[in-house]
Amino acid sequence: MTVQRATNITVSTVSAAPLRGTIEIDCAGAVATFAIDEEMAHRLCADLERFLTQVPRRTRAAR
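Every value quoted in this text rests on a predicted model; they were computed, and no experiment measured them.

Asks: Please clarify how the sheet that holds strand β1 (residues 6-16) should be interpreted in this entry.
Replies: The strands that make up a sheet pair up through hydrogen bonds in the backbone, lying either parallel or antiparallel. The strand order across the open sheet built from three strands is β1-β2-β3, with neighbouring strands paired in antiparallel fashion. Taken across any chain shown, the strands that pair with only one partner, and hence form the sheet edges, are β1 and β3 (30-37). Taking the axes of each pair of neighbouring strands and ignoring which way they run, one obtains an average angle of 20° across the sheet. Here β1 pairs with strand β2 (residues 19-27) via nine bridges, running antiparallel. Along β2, the bridge assignment pairs T10 with E24. Seen against the sheet, helix α1 (residues 38-52) touches β2 and β3 and runs at an angle of roughly 110° to β3.

Below is the structure:
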């Protein structure tokens, strides 16, 4: 699996009731677009919250 660096992320609302939208991720000159609903948005928020609150890992140079 190749991992690409995201250069921009856009979230747009398609519908407020029920809540639906799209996430566009710019990466390596291409844009990937994903449909998202409220349930997926909450799961994504929870995952990002865990990611942002992790204890920082030491770099190899600091060991």
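Asks: How should the pairing of β2 be read in this particular structure?
Replies: Consecutive residues of a regular strand have side chains that alternate between opposite faces of the sheet. Joining the antiparallel neighbours β1 and β2 is a turn of two residues. Pairing between β2 and β3: eight bridges, direction antiparallel. Residue pairing for β3: D26 is matched across the bridge by V31. Once β2 ends, the chain turns through two residues before running back antiparallel as β3, passing A28 with a positive phi of about 50°.

Calculation criteria
Residues numbered from 1 in each chain as written. Predicted model: local features only at pLDDT ≥ 70, side-chain atom pairs only at ≥ 80, totals over all residues. Heavy atoms only, no water. Pairing = 2+ DSSP bridges. Helix = DSSP H or I, 4+ residues; strand = E, 2+ residues; numbered from the N terminus. Axes fitted to C-alpha atoms, helices over the stretch in contact; angles between N-to-C directions. Contact = heavy atoms within 4.5 Å.

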